[in-house]
Structures are given as structure tokens and as C-alpha cells.
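If you want the building blocks of each chain, they are given just below.
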Amino acid sequence: MKSFVCRCEQVVAIVRKDFVVSLRRRAALAAMMMFALTATAALSLSTSGVVEPKILSALLWVIIFFAAGAGVAGTFDDEAQAGTLPTLKLYADAQAVLFGKMIHVLASLISLTVFIVPTFLILFDADVADGLLMVATLLLGLIGLSAAGTLTAALTTSAVAKGGLFPILLFPVTLPIFLPAISLTEAALTGAAFDGGSLVMMMMFDAMLVTAASILYDYL
Amino acid sequence: MTAIEFRDVSLSFGRREIFRHATLNLRGGRVIGVVGANGAGKSTLLKLAGKIIAPDAGTVALPEGLTIGAVTPEMKLYGALTGAENLAFFARLRGKVLSPEKIFELGRRVGLEAQAFDVLAENFSTGMRQRLKFAVLLAVDADIWLLDEPTANLDDDGREKFFTEIRDAAPDKIILLATNDATEVGICDEVIRLPL
């Protein structure tokens, strides 16, 4: 029990530290925001904002995926480059490092989504018919993306071509999240009946990704 | 007093063999110096002792529940955090909450002025960073100290403060000091010469 409390304290300390560092450095958050904004504006202008809801949903998740890649890829690598990763690993429990980073990534992706989804809806002149479903879908999708993204970022830290490797490794892992997310986002936009099984599937896959990340991180 | 035991440890980096069936007993309560030529494996021995790396063969047995702290060249602190934030962060990782008075006291012990704690660590000089690393080590109050050329880049005052703290802490700690510096070797109670 004491060990669990210690780990929780470490997780909180790491999340707080990452927030302070990212607010002072701003590079990762700015990269994500700029990619998302540029991609949204370019797609909106090139299609005159007239896109089928299915395609619109897919475009939203493609933008979130690649914008996340721009920011999340450096989660561990920035620390490795700065030489702080060995110090962090020495003083903190490995699982606390993983979950601290994962929560920080999730919070960053939520910030990105809060910024980009309204922008996306305005530029594509789209409405959300089912707000609750939209929020639930986005949250479940971001949890899965955070878990897979954090583990992939840890895996690619020592890779030479980490920039190219990160999306290649991340895409197949997150595909089972994106497919139901796109269907559910479409349903949230149109107000059509949705398959509750897709939400359950996303929850289960999120749980699987978080568990797998926790188990595999000890071997890195 | 507890000890770190190397049992039949072998380790190679590519074709370069660092340790071959090495057996060592690193007893606590004293300062153990690790000396040897460049590339002899001084830093590697410290990493093995701290379980930062694993041997190819054999075992390194650490007493259960002991915590590790280090001052080594490759372990850096956060440049985007102030000196005080760095101290508070690493202490928090070990479940300790530092009061401003405690931070001031740690600063005094390592020779960092109070105003240095409000400055981002990236603006510290090399010597100040080294002092801050040592302050972190004191703040977390680790049981095992891994020191790799800890007084490099320090002035005489900094070196003397380091030596005083090391000597004072030695009876309750396991302290390994990798060095080729004659003064650092001088404060050691026992010296291991590499290659073994």
C-alpha cells in the first residue's frame, strides 16, 4: 500500500514537472497546435468546407493522429537528449515515469483537442448533434492514443530514425481505436443511432493498451 | 553494515571485455574509491552497483530496500527548472517535502547562494550544476552514493564542502567514488584498482 502511495506521489510530481517544463519550453505543444491548425485550414480551403460527415470524421482523427505524433514523439527523447532521463529513472520508479508521462501526454492531447475541434467545426461549418457522444468518443480515443503514443515514444528513444519510425509503429497499434472512433464521431456529428458496442470496444482497447504499456515498459 | 556483492560478474561492450568473473564485496560505512585508467570500467562498476545496467553473467546483489543516489557526468538536472524546483522535484520523488529553510540549508552545505535557487538551472555554471547535483543527492538522502569524479569542475571551496559531506555521511552509507584525482583518492578508506 505504501509503495502504491509512493508511486502515486511520484506520478503527480512527474506530471507537474512536465507541465512546468512544457509551459516554459512550449515547443511540443506549439508543434502540435501548428500542425493541427495548418492541416485543418488547408483541408477546409481545398474542399470549400463541403465534406461528407464520414470523411469529415476521418479527417478529424487523421489530424489528431499526426498532430499528436508531432508532440508526443519527443516525450522521452527530449529528456534523453537533455541527459535528464537517466537521472529521472534513477530517482523514480519505472512505472511512475511511464504513467507520469502518459498522463502528461493525455493532458496535452486534451488541450490540443479543445483547441482544434471547435476550429475544425467552424472551418467545415459542421454541427455536433450529440455532444455527449462526441466528448466520450474523443476522450476514449485520446486515452488510447496517449497509452500507445507514450510506449512508442519510449521504444523509439534510442532509434536513429525516430521521426519516421514513430508514426509507422503507432499507426497499427492505434488503428483498432480509430475505426470505431471515426464511426462514433460520424454518429455524433449527424445525430444518427450509434453502436454502443463500439464504445465498449474502445474502452476495452484502451484498457488493453494501458496494461500492455505498463507490462512492456519494464523491459525497455 | 550492509554491502553490495558482485558474484562472478562478467560484462563486455562488443569485443571489449570490462569484467570477467569478477567477485567483489563493497561494504558500507566507508568510502570506497574506484581507480583505473580511462576505459578500465570505473563508471561501469558504479552503474552495475546501482543496477543501472545489468551484467552479461553473474549477479550484483543489493541489500533490500536501499535507495540509490548519484553524481555522475551523464546524469543531468532539468535546465528548465530553477535550482529550488530541481531540488524539490527529486526530493518529492523520494517522498520528501522540502521547506524553503531546508533548501537554504542544502544550498549552504554545497556552497550555493540563496539567490541561485531562483535561477533556471540552464543558466548555472558547470561548477554550480555540480553543486546542485550534490544538493539533490543530499536532499534525497540516498543510502548508496555513486560518485563519478564528483569534484571535477569545482573550485577549492566546493571540493572541500564535498569532501566534508562525504566523510560525514560515510558511516551510514555505501559510498563508491570513481576517480583518478589524488585528492579524491585521499579521502577513501579503501581503494579498488581496475582492471580487477
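As shown above, the structure is provided for reference.
Below or above, wherever it landed, is the structure these notes cover.

Analysis parameters
- Residues numbered from 1 in each chain as written.
- Chains lettered and ligands numbered in written order.
- Predicted model: local features only at pLDDT ≥ 70, side-chain atom pairs only at ≥ 80, totals over all residues.
- Heavy atoms only, no water.
- Pairing = 2+ DSSP bridges.
- Helix = DSSP H or I, 4+ residues; strand = E, 2+ residues; numbered from the N terminus.
- Axes fitted to C-alpha atoms, helices over the stretch in contact; angles between N-to-C directions.
- Contact = heavy atoms within 4.5 Å.
- Buried area = accessible area lost by both parts, 1.4 Å probe.
- Salt bridge = Lys/Arg side-chain N within 4 Å of Asp/Glu carboxyl O.
- 1 Å grid on protein atoms, 1.4 Å probe; cavity = no way out; pocket = protein on both sides within 12 Å on 5 of 7 lines; lining within 4 Å.
- Points joined across faces, edges and corners; volume = space filled by probe spheres on them.
- Nonpolar A, V, L, I, M, F, W, Y, C, P; charged D, E, K, R; others polar.

**Thoughts on the sheet that holds strand 2 (residues 16–27) of chain B**
All names here are of chain B.
Step number 1: Taken in spatial order, the three strands of this open sheet run 2-1-4, and their pairing is antiparallel. Looking at strand neighbours, the two that pair on one side only are strand 2 and strand 4 (57–61), the edges of this open sheet. Mean inter-strand twist for the sheet, computed between neighbouring axes without regard to direction, equals 20 degrees.
Step number 2: Relative to strand 2, strand 1 (residues 3–13) runs antiparallel, the two being bridged by eight bridges. Bridge pairing links alanine 3 to arginine 27 in strand 2.
Step number 3: Helix 1 (residues 42–49) rests against strand 1, strand 2 and strand 4 of the sheet, and its axis sits at about 125 degrees to strand 1.

**Quick look at the interface of chain B and chain A**
Step number 1: Between chain B and chain A, the contact holds 25 residues from the first and 19 residues from the second.
Step number 2: Buried area between chain B and chain A, both sides added, is near 1,800 Å², and the carbon and sulfur share of it is 64%.
Step number 3: Interface area lost by chain B to chain A is led by Tyr78, Ala80 and Leu93 of chain B, which between them contribute 32%.
Step number 4: On inspection of chain B and its partner chain A, the count reaches three salt bridges.

**Regarding empty space enclosed by the protein**
Step number 1: Counted by the stated rule, this structure contains two cavities of 30 Å³ or more.
Step number 2: Reported here for the largest cavity is a volume of approximately 70 Å³.
Step number 3: Ser43, Leu46, Lys47, Ile52, Ala70, Thr72, Glu74, Met75, Leu146 and Asp148 of chain B together form the lining of the largest cavity.
Step number 4: At the level of elements, helix 1 and strand 6 (144–148) of chain B are the ones that each hand at least two residues to the lining of the largest cavity.
Step number 5: Volume-wise, the second largest cavity comes out at about 40 Å³.
Step number 6: In terms of lining residues, the second largest cavity is bounded by Thr87 and Tyr91 of chain A together with Ala70, Met75, Leu77, Lys133 and Val136 of chain B.
Step number 7: Those elements that place two or more of their residues in the lining of the second largest cavity are helix 5 (85–91) of chain A together with helix 4 (126–140) of chain B.
Step number 8: Residues of the lining of the second largest cavity, tallied by class, amount to five nonpolar, one polar and one charged.

**Points about the sheet that holds strand 5 (residues 68–71) of chain B**
All names here are of chain B.
Step number 1: Read across the sheet, five strands follow the order 5-6-7-3-8 without closing on themselves; strand pairing throughout is parallel. What marks the edges here is a single partner per strand, and that holds for strand 5 and strand 8 (190–193). Pairs of neighbouring strands in the sheet enclose a mean axial angle of 20 degrees, with direction left out of account.
Step number 2: Here five bridges tie strand 6 to strand 7 (residues 174–178), and the two strands are oriented parallel to one another.

**As for the layout of surface pockets**
Step number 1: For the largest pocket, the calculated volume is near 1,200 Å³.
Step number 2: Lining the largest pocket are 35 residues, with Lys89, Leu90, Ala92 and Asp93 of chain A together with Arg94 of chain B sitting closest to its centre.
Step number 3: Residues of the lining of the largest pocket, tallied by class, amount to 16 nonpolar, six polar and 13 charged.
Step number 4: Taken as a whole, the second largest pocket holds about 950 Å³ of empty space.
Step number 5: What lines the second largest pocket is a set of 45 residues, among which Val21, Asp78, Ala82 and Thr84 of chain A together with Tyr78 of chain B lie closest to the centre.
Step number 6: Looking at the lining of the second largest pocket, the elements that each hand over two or more residues are helix 1 (2–25), helix 2 (27–46), helix 3 (53–72), helix 4 (74–82) and helix 6 (94–123) of chain A together with helix 4 of chain B.
Step number 7: Here the lining of the second largest pocket gets seven residues from one element, more than from any other, and that element is helix 1 of chain A.
Step number 8: For the lining of the second largest pocket, a count of residues per class yields 19 nonpolar, 13 polar and 13 charged.

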